[in-house]
Structures are given as structure tokens and as C-alpha cells.
Amino acid sequence: MSSDSHPDYESHSVPEAKLESPLLDFDNLQSQLLQSSNKIAVFKDAIQHASEILDQRYKANLNITDIVFARAKVIDQVLCLAWSQQNWPDEADIALVAVGGYGRGELLPHSDIDILILTRKDKNAKYKACISGFLTLLWDIGLEIGQSVRSIKQCKIEAINDITVATALMESRTLTGPGDLQAEMYKVTTAKNVWPIKKFLRAKWDEQIARHTKYHDIDYALEPNVKTSPGGLRDIQTIAWVAKRHFGASSFHDLVELGFLKESEEAMLNKGQQHLWKLRYGLHLLEGRREDRLLFDKQRELAKLFGYEDDEKSLGVEKLMQQYYRVVSNLRGLNDVLLQHFDEAILRAGEREKIVALNNRFQIRNDYIEVVSPHIFERFPFALIEIFVLMAQNPQIQGIRASTIRLLRDNRRIIDDDYRQDIRNITLFMELLRSPHQLTTHLRRMARYGILGRYLPEFGLITGQMQHDLFHIYTVDAHTLQVVENMRRFLLPDATEKFPLAALIIKNLPKVELLYIAGLYHDIAKGRGGDHSTLGMADAESFCQRHRLSSWDEKLVSWIVNKHLLMSMTAQRKDISDPEVINEFATIMGDKLHLDYLYAMTVADICATNPELWNSWRATLLRQLYQNTKQALRLGLENPLDRAERIADKKESALQKLLDRGISREQIEAVWAKSDDEYFVRESAANIAWHTEAIALFGGEGPLISINEIGENTVEGATLIFIYTTNSDFLFANCTAAFEKLNLNIQGARIFTSVNDYCMDTFTVLENTGSPVGNNPKRVAEIKSALSQHLNAGNQVTSPAQFHRSRKEKYFTNRVDTSLQNSATRGYSTLEVNCPDRPGILACIGKIFAESGIKLKDARITTLGERVEDLFFITNQNGKPLTDEDQIEQLQEKIKRELEKRLAT
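Note that the structure is a prediction, hence the values are computed from the model and not measured.

Quick notes on the rules
- Residues numbered from 1 in each chain as written.
- Predicted model: local features only at pLDDT ≥ 70, side-chain atom pairs only at ≥ 80, totals over all residues.
- Heavy atoms only, no water.
- Pairing = 2+ DSSP bridges.
- Helix = DSSP H or I, 4+ residues; strand = E, 2+ residues; numbered from the N terminus.
- Salt bridge = Lys/Arg side-chain N within 4 Å of Asp/Glu carboxyl O.
- Buried < 20%, exposed > 50% of the residue type's maximum accessible area, 1.4 Å probe, protein only.
- Polar contact = N/O pair within 3.5 Å; in protein donor to acceptor, adjacent residues only side chain to side chain.
- Contact = heavy atoms within 4.5 Å.
- Core = buried A, V, L, I, M, F, W, Y, C linked by side-chain atoms within 4.5 Å.
- Axes fitted to C-alpha atoms, helices over the stretch in contact; angles between N-to-C directions.
- Patch = residues over 30% accessible without salt bridge, like charges linked within 9 Å, V, L, I, M, F, W, Y side chains within 5 Å.
- Areas by Shrake-Rupley, 256 points an atom, 1.4 Å probe, with all protein chains shown as cover.
- Lys, Arg positive; Asp, Glu negative; His and termini not counted.
- Charge placed at Lys NZ, Arg CZ, Asp CG, Glu CD.
- Left-handed = near helix turned anticlockwise from the far one by under 90°.
- Nonpolar A, V, L, I, M, F, W, Y, C, P; charged D, E, K, R; others polar.
- Phe/Tyr/Trp six-rings, centres within 6.5 Å; stacked < 30°, edge-to-face > 60°.
- Lys NZ or Arg CZ within 6 Å of the ring centre and 35° of its normal.

Caption draft 1: Structural detail: the sheet that holds strand β6 (residues 362–365). Reading across from one edge, β5-β6-β7-β8 is the order of the four strands in this open sheet, with mixed pairing throughout. The strands lining the two open edges of the sheet, one partner per strand, are β5 (355–357) and β8 (399–400). Inspection of the sheet shows strand β7 (residues 368–371) paired to β8 by two bridges, in the parallel sense. Each residue of the ladder has a partner; that of isoleucine 369, found in β8, is isoleucine 400.

Caption draft 2: Molecular detail of the pattern of salt bridges. The final tally for this structure, using the stated rule, is 53 salt bridges. We note a salt bridge from lysine 262 to aspartate 410, for which the minimum N-O separation is 2.2 Å. Here aspartate 410 lies in helix α17 (residues 402–411) and lysine 262 lies in the loop between α11 (252–257) and α12 (263–287), a separation of 148 residues in the sequence. Residue aspartate 410 is classed as partly exposed on the basis of its relative accessible area, which comes to 38%.

Caption draft 3: Here's a closer look at the side chain of aspartate 575. Mapped onto the fold, aspartate 575 is located in the loop between α29 (566–573) and α30 (579–589). With relative accessibility at 10%, the residue aspartate 575 sits in the buried group. Reaching out from aspartate 575, the side chain makes a polar contact with the side chain of serine 577 at a distance of 2.6 Å. Within the local environment of aspartate 575, its side chain forms a polar contact with the side chain of arginine 750, the two groups lying 3.1 Å apart. Sequence-distant contacts of aspartate 575, that is, excluding residues within four places in its chain, are made with Val581, Arg682, Arg750, Asp858 and Arg860.

Caption draft 4: Fine view of the nonpolar core. Residues Leu79, Tyr102, Ile115, Phe134, Leu138 and Leu143 are the most contacted members of the largest nonpolar core, which totals 115 residues. Ignoring sequence-local partners within four residues, the contact set of isoleucine 115 consists of Leu79, Leu96, Val97, Val99, Tyr102, Phe134, Leu135, Leu138, Ile145, Gly146, Gln147 and Ser148. The next biggest cluster of nonpolar side chains, apart from the first, holds 101 residues, and it includes Ala392, Met430, Tyr597 and Leu633.

Caption draft 5: Representation of the sheet that holds strand β2 (residues 113–119) in the model. Taken in spatial order, the four strands make up an open sheet running β3-β2-β1-β4, and their pairing is mixed. Whereas interior strands pair on both sides, the edge strands pair on one side only; in this sheet they are β3 (145–151) and β4 (173–176). When strand polarity is set aside, the average angle formed by the axes of neighbouring strands in this sheet is 35 degrees. Both strand β1 (residues 94–98) and β4 contribute to a ladder of three bridges, which runs antiparallel. Within β4, the residue paired with valine 97 across the bridge is threonine 174. Sitting on the sheet, helix α8 (residues 179–189) touches β1, β2 and β4, and the angle it makes with β2 is about 100 degrees.

Caption draft 6: Representation of the side chain of glutamate 370 in the model. Turning to its location among the elements, glutamate 370 is positioned in strand β7. On the accessibility criterion, glutamate 370 (6% relative accessible area) is buried. In terms of polar contacts, glutamate 370 uses its side chain to reach the side chain of arginine 365, at 2.7 Å. Apart from the residues within four sequence positions on either side, glutamate 370 is in contact with Arg361, Phe362, Gln363, Arg365, Arg401 and Thr404.

Caption draft 7: Representation of a negative patch on the surface within the structure. On the surface, a cluster of negative charge is made up of Asp884, Glu885, Asp886, Glu889, Glu893 and Glu900. Assignment of secondary structure puts glutamate 885 in helix α41 (residues 885–904). Judged by its relative accessible area of 57%, glutamate 885 falls in the exposed class.

Caption draft 8: Seen up close, the packing of helix α37 (residues 731–741) against helix α38 (residues 777–791). The interhelical angle for the contact between α37 and α38, taken along N-to-C directions, is 145 degrees, at an axis separation of 9 Å. Where α37 crosses over α38, the two elements pack in a sense that is right-handed. Two secondary-structure elements touch here, α37 through Leu731, Asn734, Cys735, Ala737, Ala738, Phe739 and Lys741 and α38 through Ala786, Leu787, His790 and Leu791. Classifying every residue of the contact of α37 with α38 by side-chain character gives eight nonpolar, two polar and one charged.

Caption draft 9: Here's a closer look at unusual backbone geometry. The residue asparagine 61 is not glycine, and still its phi comes out positive at about 65 degrees. With respect to the helices and strands, asparagine 61 occurs in the loop between α2 (39–59) and α3 (64–84). You can call asparagine 61 buried: its relative accessible area is 10%. We note that asparagine 366 has phi near 50 degrees; this positive angle belongs to a residue other than glycine. Taking the relative accessible area as the measure of exposure, asparagine 366 reaches 12% and is therefore buried.

Caption draft 10: Summary view of the packing of aromatic side chains. Counted by the stated rule, this structure contains 27 aromatic pairs. Summarising the aromatic geometry, the rings of tyrosine 58 and tyrosine 281 are spaced 4.5 Å apart at their centres and angled 20 degrees between planes, so their arrangement reads as stacked. Highlighted residues: tyrosine 58 in helix α2 and tyrosine 281 in helix α12, separated in sequence by 223 residues. Grouping residues by exposure puts tyrosine 58 and tyrosine 281 together as buried. Measuring from ring centre to ring centre gives 6.3 Å for tryptophan 88 and tyrosine 127, while their planes differ by 55 degrees; the resulting arrangement is tilted. Remark: tyrosine 127 occurs in the loop between β2 and α5 (128–140) and tryptophan 88 occurs in the loop between α3 and β1; sequence separation between them is 39 residues. Both residues of the pair, tryptophan 88 and tyrosine 127, belong to the buried class. Taken together, the ring pairs connect Trp83, Trp88, Tyr127 and Phe134 into an aromatic cluster. Directly above the aromatic system of phenylalanine 200 lies the positively charged group of arginine 245, at a separation of 5.0 Å from the ring centroid.

Here it is, written out as C-alpha cells:
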């Protein structure tokens, strides 16, 4: 299904029906007010009765437009009756006026009811008591009022000073009182000298830009605001405000009659507004107050309310949000078109035209590209892609003229199977991928105008598709285009600072467009069920074949898609200092070219999944994996070093470093005599030298704590903390508790025990900012002090840090998953624990290990959004893998039980 063929605005549930019985009997309510001594109760009962009926109609999926207008009508009647309860001294000079959204006659359950008490004169002391009594009554009966009291002259002054006031007063209507007051106020506040149309449009456009910037200019936020996020209700209102100011249009249909808007566009705006109203009404109903944010917990409740159900491919909530994202994407695209029209018709009116011909189909008019006639796309269908190629080749083009955008949208259905097989279109798309300027900008334009989802139907399927967690912060289509953008960023000069290796690699790729294709297809099969890497590989092969790529290119692209998760998983979950791990990974790579492509793909993918995932430690791990693999490929996969050679090689390298630092051979041998071969196999030569020097020079009592940095900058690297002290069962638990209290995030841990029963543990940590501790003596002293206090606890567990779960964390599941695997080639068991990321988790696991007689050899700590995927390499008390099924089951059950208890607090 292509992105524009989805029933974007249609109700998911039963067909809509018309409203029925009256909500409020005005005459009866007036009679009750005359007879009752408790007017507040009478008003409250009437409002509650009407609200209950409207809520029932909403739940029955009746027409949302009628419901929204009906609520405003109810409040109109209530306000008029409340107004009549006051003894106004001179009713000819004062009126009650609805303004803003309420002035448009639109009201959601808990929207502000914006009113203006409008007077003819500036001095109105005679009304003070009545105004106070009126407003007090409104508050007492529970109405959420936004009020102002102004004269006509004061309204004009405020409108001149504040565009929001001017806009609200544009949408005003008299509720009660003399109608000429509102008419005169409207006349003076909409006069040309108050907000000239060019100034008004520029102000509203800047207002929208600022609002979009607040939401990072994305319409696919995880928890969007249906009113103010890009593509939301405010975008629709912005169009309406400018249309009313310039054309005097009171509805979108007026713009159709003026020839400014097409009937299909009017239908899109109206249906889009209805869909957003349904969501907003539901949010108010569920929350019992004004709430316009689609928060995670409310998304799930709305999905149930709208009838979306989970299935094997996706959650009901993901279906709800996909529909929302498609709606706002279309609305934002239409908003772009109409604002561009306004720009041409208003801001650029009278501008001297400069036209530059590009070919016989396109020209540039004042820096914007346009077709030379409205039938170009019908006569030359390939021009639907050619226009984007021309923009990529001519960076001086600032955008597409609105009339041409509209033609693009209208003619996108020309793209069918025959179109996709046409060699001209295939050639143009490949030319776009090879273009030097703003590739992702043009791909995003193609997506927004519905061209990309038609040309690549598989891309249309992932449009607006979300994954309901805190790990993936973008929809699949947005993530995909962000991956390609990241690849392009590696080519920019400043990339050498943040992504030095990726920047070096990408400049030397023989065909960088193959990397872009892999980026477009790596997640293309998400949401279909099954392994998306395998399914995406097949789609990538089809793309390459259709686009006449060579067999070698096709195999490379499909291989990258199939293996796009491998490098990240290997770096984070395996011991990349182990030659066996490197040999296995290098065998899959086969050659340096495949390694280069996969490294660039991996870095671009991680950064596009969630920017917070990329930190200096992940950069270091991937670089180490890349360099170790490159070396293995250079030396030859058939001749890996054996265990004895590896130990000898590391000792020789470390020995030379230590001798150069003035450590005697006797001191070195004394330390090494207490360390077993496993230590030398798993530790690096640099760390062996560092540890040995620290132990040889240590003459004090208590634990030895040494802190070192790896990496010369904050782009790559981490802080290493080495602990040498008498071994104890709860040492790991107490160390992790200390790190958590210090707000240090553990990335990994290597655990060794010497022959004299001393621990030799090295923890890799980062600050909460994702950076190493660095050269900060005060912070280093703080770390050493806290660790010393916790280590002195001996075989007692210090209490882990207390924490408070955020709203988002409370919403997501506290499920804990564990698995334990043994390998015939490994002398340990691998325990995997997946659970929410909370303080105290590692300390709790360490305590369980100690109580269960489990020895920890190594650990890999990986945080993915709101969850962690931790690997622990463990043995029994005899240093052997766990093989007793009862012991394995008891260990996993205890971990699940204790962690779930911890997470529930």
C-alpha cells in the first residue's frame, strides 16, 4: 500500500450518524433558575447532563463536528443565562463576546472558554460589580474561563501590540448584548493599518516556525500534541487565519469558491480536523481535564476506544499512531502548499520576476522551480522524479512553487508498476541517489508529496509506522531517511571531529550510493512479522534488479541489509578482545570493503535510532571491533594466534611499557605470579601494564582504586576504574551500588581473582552525559571516596540508591526476561537479563550472585532506551559453567522475582 492510498482520515470504527435530542432546554433551565435558591447547582446539573449526552454520542462514534459545535452551543446558552442573572445598569454599552476557538463555535470538553466583555467606553466603573458577580458565577459552576474586559479602543491597542490578541478577536461573535459593539470592534481591529496582510502573514508564519522548532520540526514525535505539534490543529488554524485576514473567508469552502483551494484539499482539511478532534476529545474525556498530548498511557486507552486490536504483526496502539502520523503528515504537506501559495500571492506580490529556463519542462521563477505548463506531468510522467534530480543538481533552487507541488500531489497516481519498470524513471532515481546536493532533503520532499511511497511501494508501507517503546524515537520511515541523512553528514567537514572513522571510510567507498540504498532498505520490512533483516534483504535484491545494478552491487547491498545489526551486537555483547570472536566476525566480513560499508551503516543506524545511544564508549567499541577485524583480515583468517602466543605477546608488550616506566622486573614478576593465564588472555596489554604498575607501587592499606581514561577526547573513550582488594562475595554488588549513587553508568566489567584471593576488577563507566569522567581531580577523589566506603562493607550489601520512576517509565512494562546459554568452546555460562533500566538493578543482581554461589567473570551492560540488555559471564564456585538444571532454574527465577520486586517500588 502506498502512503497516499491509506484511508488517512476515515473513522476506524462504525459509520457516523446524526445527533438527536436537544442537549439543554433553555426555557426550562431559565424557569428553574427563577424558582431555585441554589442557582449554582442548577447550572452544574444542566452542564453535566449535556456533557454526559455528548460523551455518549462521542462513544457511539456520532459526527464529531456536530458534537464539537453542540458543546459550544450549550455553553452559549449557559453564559447567556448566567449573564442575565446580573442587574446590568446600562445594557446598551456592554456585550458578551466569544473569541478564539470558542468564537469559531468549536469547543472540546475541557477547552478554555475564551470570552471578551466588550464595552463601548473606556471608563466602566458602573459595571464592575456585575462583571465580578458574573465571572464569580462562572467559576463557581465549574467553567474553565479565559476572560478579558476591554473597550473597543483598548481592543485595537492590544491587537496592534499582540498578534495573538488580533487573531483571537478576528474570530469573535456576540453571545448577548448589542451586536454593533462586536461589529465595530472587528472593524477597527482588522483594519489594514493594524496588521497589514504582509506583516500578518509573516508573523503567523514565524509563529508556526517557532512552534515547529519547539517540537524539533518533526511530526512523528513519540508523544505528540494534537493541537500544537507540526501537522496538528494549529497548522489548520494558521491557514484559516491567513485566509480570513486576506480573503475574508469564513470557511475553507469559501477558499474553494475563490479558486484558491481545491475540493479534494478542502475535504482533506475537514477530515483531518475531524480526526484530530476525535483524538483530542478522547484525551479530554479520559483525563478528565484539558490534555492535548498523546501520552503513552492515553495512546493505549484511545486505541481500545477506537477499536484497534493487537495482532501478530503490530500492537493496536501502533496502528492508532500510524493513522495519526499519516494524518498529520498529509496535513503538514497541505499546510506547506497553502503557505507557499500565500507567500507567492501575498508576500511576493509585485515582486520583479526572474525566470531561468532549465529545459522544456521546468524553469526557475525567483529561485523556486516550477513546471512550464500544468500538463507537464501528464505528458512527461518521468518529470515526477526529474524535478527532484534538477533540484539536487542546482543548489540555488530554494524550493518548489506551490502550484507545482499541487500538480505533483495530483499526478502521483500516475506511478504504477509500468512506471516503476520504465528505464527513464529508473535512471532518474539512481541519478538522484548519486546527486551531490541535499539528497535527504529531496527524499523527504518526495515522501511528503507522496512520490516516494508510490515509486517504492515498500516504503509506503512503513510510512507513519511506530514502535511503541522509548528506544525507537522515530517512526520507521523517518528513521530510514535519518539514516541516509547521517550517511550524508559523514561527508561534511565537521564529521571528522564527531565521527572520525566513519568520515574517513565513507570518502573511500567506491560507490557511496550503494550505502544509501542499504540505508533505505535496512528496516523496510519492519511490521510484517518475521525477521525484518531477512525480509528486507529480499526487497533490496528486487530494488537492485529493477534498477539494473550489477550482480556484485546487488549482493553487497542485500548483504548490508541482512547484516545491519551484526556489528553493533558483536561490539556490545561479545568480548572483542578475544581473537576467536574477531576471527568469527572477520570470516563473515570476508574483506575490508564489506567491513567498511557495514561500519558506516552501523554508525548511521545507531545515531538515527536514538541520538542518546551514541556515546564515547560505543564509538570506542565499534572502532576497536573495526580495527581488530581489519588486522585479522590483513594477517589472514587461516592463521589466528593460539592461546600461548597471545599470552606471550601481551606480556612482552606490557613488560616493555613497565620497564620504561621504571618498574623493576622483580616487581613485575611478583604481581604476575599471582595472576592466572585467563587474566592475560582477556585483558589488553595496556591494561595489564596499568594494573601491574598500580599494584607494584601500592603500599597502603585497604582497597587500591586506580582510575584511567581510554581515548584522547570525548568523542571516543571511557573511564576505567581498577579495584584491587581482598575478595568478598558482595564486592560486585557494593561496587555497582557505589557507581549508581555516583551517577556513573556502567558499560562493562571484567572480574578476576588472583591466587592470593584478591580481586582484580576493572569497570568501564561513563557519566550520565555519556562522556568519560576526564581530567577532573575533584570528581576522581569523590569516586575513590565513595568506592572505599562501599568496599569496606565487606560481606554486607550496602543499600542501593533510591529512585523515582518517571511517568514514561511507570507506563512501560516491568517485565524481566532471562536466559542462560552454555557453549562447548567457552569455560563459562552466558546469562542474559533484559529489564527496565533503573538504579539498583546491577547491585541487586550482584547480591543474588553472591547468595547463590555464582562467580562473575565478565559483564556487558547495554542500555537501549528504557530497557537494558545485560550479559553476565558466570561460573559456579568451582569455576565451571552452570550445568545443573535445578540451579539454573532457581537462579533465573530468583533474578526475575527480586528485580520485579525492585521495579515495583
